[in-house]
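# Reading the structure
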Amino acid sequence: MPEDVGQNRAIRGFFMENRWDDREASACEGELALRVYASRLLGRDFSLVLHGGGNSSVKITERNLHGEEDEILYVKGSGQDLAFIEESGFAPLRLEGLLRLMRLDSVSDTDLVNAFRLQLTRPDAPPPSIETFLHALIPHRFVDHTHADALLAIMNTENGEARIREIYGGRLLMVPYAKPGFTLAKVFSDQFTAGAGEGVDGVVLMNHGIFSFGETAKASYEKMIELVGMAERYLEAKGAWALPEGDEPAAQPLAPRLPELRKAVSDAAGIPLIVSTRKSRLGSAFARRRDVSEVSQLGPATPDHVLLTKRLPMLGLDAESYAEAYKRDYAAYASSGLEGGAMLDPAPRVVLDSEIGLCAAGKTAREADMAGEIYEHTIEVILRATTLGGYRTLQASEIFEVEYWGLERAKLDRKEKVFAGEIALVTGAASGIGRACLESFLERGAAVIGLDLSPSIVSLYERPDYLGIECDVTSDDAIAGVIEKAARRFGGLDMIVLNAGIFPESRDIARIPAAEWRAVMNVNLDANLSLMRECYPLLKLSPRGGRVVAVGSKNVPAPGPGAAAYSASKAALTQLMRVAAMEWGGDGIRVNMVHPNAVFDTGVWTEDVLKSRAESYGLSVDDYKKLNLLNTNVGSSDVAEMAAEMCGPLFAKITGAQVPIDGGNDRVI
Ligand code: NAD
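These notes cover the structure that comes with them. (Residues numbered from 1 in each chain as written. Predicted model: local features only at pLDDT ≥ 70, side-chain atom pairs only at ≥ 80, totals over all residues. Heavy atoms only, no water.)

## Concerning the pattern of salt bridges
- Evaluation of the coordinates by the stated rule reveals 36 salt bridges.
- Connected via shared salt-bridge partners are Arg171, Asp201, Lys223 and Glu226. (Salt bridge = Lys/Arg side-chain N within 4 Å of Asp/Glu carboxyl O.)

Here's what the structure looks like:
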């Protein structure tokens, strides 16, 4: 993830920087590669574009299979992020076909999507950006489009238009706001065909963003930097550029409050949502402003943000009132001839609370992070516009129009994975079965917290839905810290997999030292009691009901000599789980167990241990591994998949179960 250079600049008061590097650019082969290079430069400055916002294009003449020359518009694919875009992220369309479409008086959204697809020269290309027409209409080879914060701050004021004119004079063509898609394209086209686009350096779409263009990638990019830089200097001249540092975010534990908030927000949504706090000083200060209930309720800085952030943030922690107000607004809008689909879920995506500060919700950790980051930039826009005399946005109806617009909503209406919006915690997750559990839960869409003694846990993945914490589960303090971190990062806990365990050297009862016995009990039993006790308040608040899976052992039903401490610890753990299933059933928390045996791709089973055990049975290592009724090899992922299934719908009505995963063992059966 690139760091938010936009915000750092804003707080430190730096201006837009030209990051073009001729040496880097000279390594790009062809115009599309240069298009990628310049797009990434723009994408890395979050004050220009955020998370899939903005777009860019290049027009390239290519020869088709018939040997004819076609002018192809390569435009950013919908849903692509400029910061990471590759050549394959651009959709190639026949320019002539697009311009012909523009001559129609009106086109329905469905026809438009279809017509775009028909102009693609590569059927596997991503769907083209909804702003494709604007790129087609601008006659220049390279076109860049951003939602620069500085321009949004200026445009979202009482006399925004006059200010833009004051800054740019005739250098920019100004296009009044219109709904993106065909409507906006028509307005745009009228201006260009009337010749208004001639000789200008760029186009400003009111309350929306800015376009720059040029014959080379460098020229268009540098124009964007120059034009946005001018807006920043204007703000500076008005004392509205550099922002205050803000307040220190809340230091007190948020563990009980946040999971309650998450439950309320998820209930309003009807699906579990991730809720993550932001370490945003600006957000904390904003949430504490005396006038927050006015300035935050005026709408988003651009309708482009509305899908991820919703129209308004929720103030304080009352999700129910927010949902009611949202439903009322929707009903009012629907009765005025709503175009688009049914109501979105009425849960907020951004919350401002004087104690918690700024937090954000989403169906995935990434979506929540994106909503939070967008809102941080919205705060900057609001603060600057306020300094200029007052933040003014579009009419609510214009914003609703985008919020309920079928084409935009399709982006969010995807089929979610089974654990989307849910949070799982796995102990002993740096190796073996625990490590495999991380994969199984992430694969099913959960946000996952991995705990382990090993420091490697921290960097096992670099993705927004993973949090690795180095910790000793036998330390109560460490566990309290983990729960606080889980609450702050994802908003709560829905599933826990009690997996961390140790298997001491084989020893007869007569020779077991007390310290060894205690050490085994500490990890395999006591730590799990502490974890369950501390996680219980969060599991109880799980929107779909909490789930616990404990990793026992074949040694519970079928103990072996030399493993007294281990077998006793796992038997006691089993009993603990059975009682938990009884006590927690009323809270909707399900508690189940797996009993693995001989899972060789784990840390316990080193090559040497395997070899010596196989020899003692007079078998090859391969045959020893399959020493079970099904003559099969049980792997850590088999156990992990079962643990994940136990948390899913298949086990929705099962609690207190114990499932052996051992390839079949006659002593267990
Ligand atoms: P493993 O050694 O590969 O993984 C265990 C992980 O737990 C390690 O990463 C270790 O660092 C971590 N851990 C140990 N003590 C910890 C502590 N105090 N705090 C935090 N982390 C700690 O072994 P594995 O086989 O994957 O074991 C996972 C579980 O499966 C254990 O409970 C084990 O008893 C059980 N089990 C394993 C087998 C098998 O054949 N591998 C069979 C039956 C049961």
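Once the structure has been displayed, the description carries forward.
## What about the sheet that holds strand β7 (residues 209–214)?
- Pairing in this open sheet of seven strands is mixed, and the strands run β3-β2-β1-β4-β7-β6-β5 from one edge to the other. Taken across any chain shown, the strands that pair with only one partner, and hence form the sheet edges, are β3 (90–94) and β5 (172–175). Strand after strand, the sheet turns through a mean of 20 degrees between neighbouring axes, direction not considered.
- Direction of pairing for strand β1 (residues 55–63) relative to strand β4 (residues 142–146): antiparallel, over a ladder of four bridges. Its bridge partner lying in β4, Asn55 is registered against His145.
- On top of the sheet, helix α3 (residues 31–43) reaches β1, β2 (69–76), β3 and β4; it is set at about 180 degrees to β1, its chief contact. (Pairing = 2+ DSSP bridges. Helix = DSSP H or I, 4+ residues; strand = E, 2+ residues; numbered from the N terminus. Axes fitted to C-alpha atoms, helices over the stretch in contact; angles between N-to-C directions. Contact = heavy atoms within 4.5 Å.)

## Side note on the site of the ligand
- Every one of the 25 residues lining the ligand counts as a neighbour, but Ser431, Asp452, Asn499, Tyr566 and Gly603 are closest to it.
- Backbone polar atom of Ile433 to an oxygen atom of the ligand: 2.8 Å apart, as the coordinates give it.
- Within the side chain of Asp452, one N or O atom sits 2.6 Å away from an oxygen atom of the ligand.
- Computed on the free molecule, the ligand has an accessible area of 830 Å², of which 90% lies beneath the protein chains in the complex.
- Contributing elements (two or more residues each) for the shell around the ligand: α19 (432–443) and α22 (564–584).
- Taken together, the residues that form the shell around the ligand break down as 13 nonpolar, nine polar and three charged. (Near = heavy atom within 4 Å. Polar contact = N/O pair within 3.5 Å; in protein donor to acceptor, adjacent residues only side chain to side chain. Areas by Shrake-Rupley, 256 points an atom, 1.4 Å probe, with all protein chains shown as cover. Nonpolar A, V, L, I, M, F, W, Y, C, P; charged D, E, K, R; others polar.)

## Overview of α3
- Here α3 is 13 residues long and its end C-alpha atoms lie 18 Å apart, about the 18 Å a rise of 1.5 Å per residue gives.
- Burial within α3 is extensive, with ten of its 13 residues counted as buried.
- Of the residues making up α3, those classed as buried are Leu32, Ala33, Arg35, Val36, Tyr37, Ala38, Ser39, Leu41, Leu42 and Gly43.
- The inward-facing, buried residues of α3 abut α2 (22–26), β1, β2, β3, β4 and α10 (217–237). (Expected span 1.5 Å × (residues − 1). Buried < 20%, exposed > 50% of the residue type's maximum accessible area, 1.4 Å probe, protein only.)

## Description of the pairing of strand β16 (residues 547–551)
- The buried count for β16 comes to five of five residues, which makes it a mostly enclosed element.
- Burial of the side chains of β16 extends over both faces: Arg547, Val549 and Val551 are buried on one face and Val548 and Ala550 on the other.
- A crossover links strand β15 (residues 495–498) with its parallel partner β16, the connecting element being helix α21 (residues 514–540), and its sense is right-handed.
- As judged from the five bridges shared by β16 and strand β17 (residues 590–596), these two strands associate in the parallel manner. Residue Val548 lies in a different strand from β17, and its bridge partner there is Val591.
- A crossover links β16 with its parallel partner β17, the connecting element being α22, and its sense is right-handed. (Right-handed = clockwise from strand over helix to strand, strands pointing away.)

## Side note on the sheet that holds strand β13 (residues 447–452)
- Strands sit in the order β14-β13-β12-β15-β16-β17-β18 across an open sheet of seven strands; the sheet is parallel. Single-partner strands in this sheet number two, and they are β14 (466–470) and β18 (658–661). Neighbour-to-neighbour, the strand axes of the sheet open up by a mean angle of 15 degrees, direction not taken into account.
- In this fold helix α20 (residues 476–490) packs onto β12 (423–427), β13 and β14, with an angle of close to 160 degrees to the strand it touches most, β14.
- Docked against the sheet, α21 engages β12, β15 and β16, running at close to 175 degrees with respect to β15.

## Let's talk about the side chain of Ser47
- As for its placement among the helices and strands, Ser47 is situated in the loop between α3 and β1.
- On the accessibility criterion, Ser47 (4% relative accessible area) is buried.
- A polar side-chain atom of Ser47 sits 2.7 Å from a polar atom in the side chain of Asp45.

## Looking at the packing of α3 against α10
- Two numbers describe how α3 lies on α10: the axes approach to 9 Å, and their chain directions differ by 15 degrees. Accordingly, the angle class assigned to the pair α3 and α10 is roughly parallel. Considering the relative orientation of α3 and α10, their crossing is right-handed. Of the residues in α10, those in contact with Leu34, Ala38, Leu41 and Leu42 of α3 are Ala217, Tyr221 and Met224. (Parallel < 35°, antiparallel > 145°, perpendicular 65-115°, else oblique. Left-handed = near helix turned anticlockwise from the far one by under 90°.)

## Brief notes about the packing of helix α8 (residues 160–168) against α10
- In contact at an axis separation of 10 Å, α8 and α10 are set at 115 degrees when each is read in the N-to-C sense. Between α8 and α10, the interaxial angle falls into the category roughly perpendicular. Between α8 and α10 lies a crossing whose hand is right-handed. Residue-level inspection shows Arg163, Glu166, Ile167 and Tyr168 of α8 in contact with α10, the latter providing Leu227, Val228, Met230, Ala231 and Tyr234.
- Looking at the contact of α8 with α10 residue by residue, the classes come out as seven nonpolar, no polar and two charged.

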